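Spelled out, the chains give:
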Amino acid sequence: MSSITIKEFYLDILGESCPDIDLFITENINKDIGHFNVFDISKIFRESKSKPEMPYNRRTYYKISLINGQNKVEYADKTIEIEDCAILFASPKVPYNYNNQCTNQSGHFCVFTKDFLPTNKIGIEIDNLPVFSPQSDFVFQISTEQFHQFEAIFIKMHEEINSDYIYKYDLLRNYVMELIHSGQKLKPILPVENSKTAASRTTTLFIELLERQFPIENISQLLKLKTPADFAGILGVHVNHLNRVLKETTGKTTGEIIGSRIFQEAKLLLAQTQWNISEIAFTLGFEEVAHFSNFFKKHDQQSPQHFRELMNV
């Protein structure tokens, strides 16, 4: 699973129609306001060569999409069918697969980086907002009337981003927050019956989340996802369900897979770096060197120090 940056996003949907893409992206970032832009979906469909399918990717930006048309969203073990109107809140923590089910698509979407909504501007860490939580059901069914209410906000965004108003990005930030707060009042679309591919999707996403943390390249890089519960929380499934799925698809438990990958990284760090063992233990999520030593002995019947000495013979 690849990681899609905001620049790659623009290249994908705009292609050669945006030759000055680097200047286009950095213009806002250089003003220390992050990046924000808004698009008309029907215009994108008419003018771009974008693929109708948005495959699983780790995106480095946030996206709010107001959708009018038949679409399908797949995430972890869930499949969400959008029949008419919906609004979707996507964050970098939520890998998902998006498929258009018809060519008659309309609506709007905006994209922005985390720096566009800093804590000192909105009063809360953006990832703590319910709609951007990994546990959130981030696709919401709305009525035609609600669609037009949301669309009115997007229309103001289109007008403002093209204006010369010196404080337009402060106003655009307020419009984004209005979308978020309105969305948090909605009820999510219920997933359809799980398919046989749900287990493989969950497994793929789990492995991607695990591998995303490696390799460890410096002693300040710490593992954030270390336990089955950590991964289950990001994937939005119960830890017992995740364990059952991984056992069925890989023959190993969640803990065994995590432990095996951490042990693999531990051996590489012991063999290829000059870091002391306490530094390696800390980067791999062990609060005590003794805990790391016991973990290593469990996997290799020898201490980390002995392993390193043998590698240097």
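Here the structure is a predicted model, which is why all the values come from computation and not from measurement.

## As for the overall build of the protein
- Each helix and strand in the protein was counted, giving 13 helices and 11 strands.
- By the burial criterion, 48% of the 313 residues in the protein qualify as buried.
- In the protein, of all internal contacts separated by at least 6 residues, the share reaching a separation of at least 24 is 73%.
- Element-wise, carbon and sulfur atoms account for 51% of the exposed surface of the protein, whose accessible area totals about 16,200 Å².

## Some details on unusual backbone geometry
- For the bond from F214 to P215, the omega torsion is 0°, close enough to zero to count as cis.
- Position of P215 relative to the elements: it lies in the loop between α7 (197–211) and α8 (228–235).

## Quick word on the side chain of Q105
- Tracing the sequence through the fold places Q105 in the loop between β9 (97–100) and β10 (106–112).
- A distance of 3.0 Å separates polar atoms of two side chains, one belonging to Q105 and the other to N71.
- When sequence neighbours within four positions are dropped, the list of residues in contact with Q105 reads I41, S42, F45, I67, N68, G69, Q70, N71 and N100.

## Topic: the confidence of the model for the protein
- With 79% of its residues at a pLDDT of at least 70, the protein reaches an overall mean of 80.
- In the model of the protein, strand β3 (residues 53–54) stands out as the element of lowest mean pLDDT, 45, in contrast to helix α5 (residues 144–161), which has the highest, 95.
- Segment residues 16–21 is flagged for pLDDT under 50; beyond a separation of four residues in sequence, or across chains, it makes four contacts in the model.
- In this model residues 50–58 is a low-confidence stretch, pLDDT under 50, and it forms 37 contacts with partners more than four residues away in sequence or in other chains.

What counts as what
- Residues numbered from 1 in each chain as written.
- Predicted model: local features only at pLDDT ≥ 70, side-chain atom pairs only at ≥ 80, totals over all residues.
- Heavy atoms only, no water.
- Helix = DSSP H or I, 4+ residues; strand = E, 2+ residues; numbered from the N terminus.
- Buried < 20%, exposed > 50% of the residue type's maximum accessible area, 1.4 Å probe, protein only.
- Contact = heavy atoms within 4.5 Å.
- Areas by Shrake-Rupley, 256 points an atom, 1.4 Å probe, with all protein chains shown as cover.
- Polar contact = N/O pair within 3.5 Å; in protein donor to acceptor, adjacent residues only side chain to side chain.
- pLDDT = per-residue confidence, 0-100.

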